[in-house]
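Residue-level structural notes
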Amino acid sequence: MILHIATFVWKDGVTEAQVEAATAALYEMAAQIPEIRSYAAGANLHLRPAGKDYGVAAILDDAAGLDAYLDHPLHVAVYKDHLGDIIAERAAVQLPITEGSFS
């Protein structure tokens, strides 16, 4: 299994309403993509100093599932309609999930 993590820094002037709309769209999208096994998205809680503004985490079975998710028309639409215009900086990483990873 694969854990895909993406983080974003918003452009100056991004509103709470824009972030809320993006979050709602991301969760609606995730519910419709069968390759996604688990999903979380939201604003950084800023419990520690620094960090990015927002994060997304998706668990998928394999690289093919990751490609299906990232290339899915619903994912492309969420990026186009909600994220593309508000992201100043993006980073992503994919990690292997092994037995006991989250125990």
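Below: a short report on this structure. (Residues numbered from 1 in each chain as written. Predicted model: local features only at pLDDT ≥ 70, side-chain atom pairs only at ≥ 80, totals over all residues. Heavy atoms only, no water.)

1. Considering the nonpolar core
Membership of the largest hydrophobic core comes to 23 residues, with the highest contact counts inside it found for Leu26, Tyr39, Val56 and Tyr69. Of all the secondary-structure elements, those providing two or more residues to this core are strand E1 (2-10), helix H1 (16-31), strand E2 (36-43), strand E3 (54-60), helix H2 (63-71) and helix H3 (73-83). For Leu26, the contacting residues outside a window of four places in its chain are Tyr39, Ala41, Tyr54, Val56, Val78 and Leu83. (Core = buried A, V, L, I, M, F, W, Y, C linked by side-chain atoms within 4.5 Å. Buried < 20%, exposed > 50% of the residue type's maximum accessible area, 1.4 Å probe, protein only. Helix = DSSP H or I, 4+ residues; strand = E, 2+ residues; numbered from the N terminus. Contact = heavy atoms within 4.5 Å.)

2. Points about the environment of His72
The residue His72 is located in the loop between H2 and H3 in this model. Given a relative accessible area of 21%, His72 falls into the partly exposed group. When the C-alpha atoms of His72 and Ile5 are compared, they prove to be 17 Å apart, with 67 residues separating the residues in sequence. Beyond its immediate chain neighbours, meaning those up to four positions away, His72 contacts Ile33 and Asp67.

3. Here we look at the packing of aromatic side chains
The way to describe two aromatic rings as a pair is by their centre distance and the angle between their planes. Following the criterion strictly, the structure yields 5 aromatic pairs and no others. An aromatic cluster is defined as three or more aromatic residues linked by ring pairs; in this entry it consists of Phe8, Trp10 and Tyr54. (Phe/Tyr/Trp six-rings, centres within 6.5 Å; stacked < 30°, edge-to-face > 60°.)

4. Structural notes on the side chain of Thr23
Within the fold, Thr23 resides in helix H1. Leaving out residues up to four positions away in the same chain, Thr23 has contacts with Ala41 and Tyr54.

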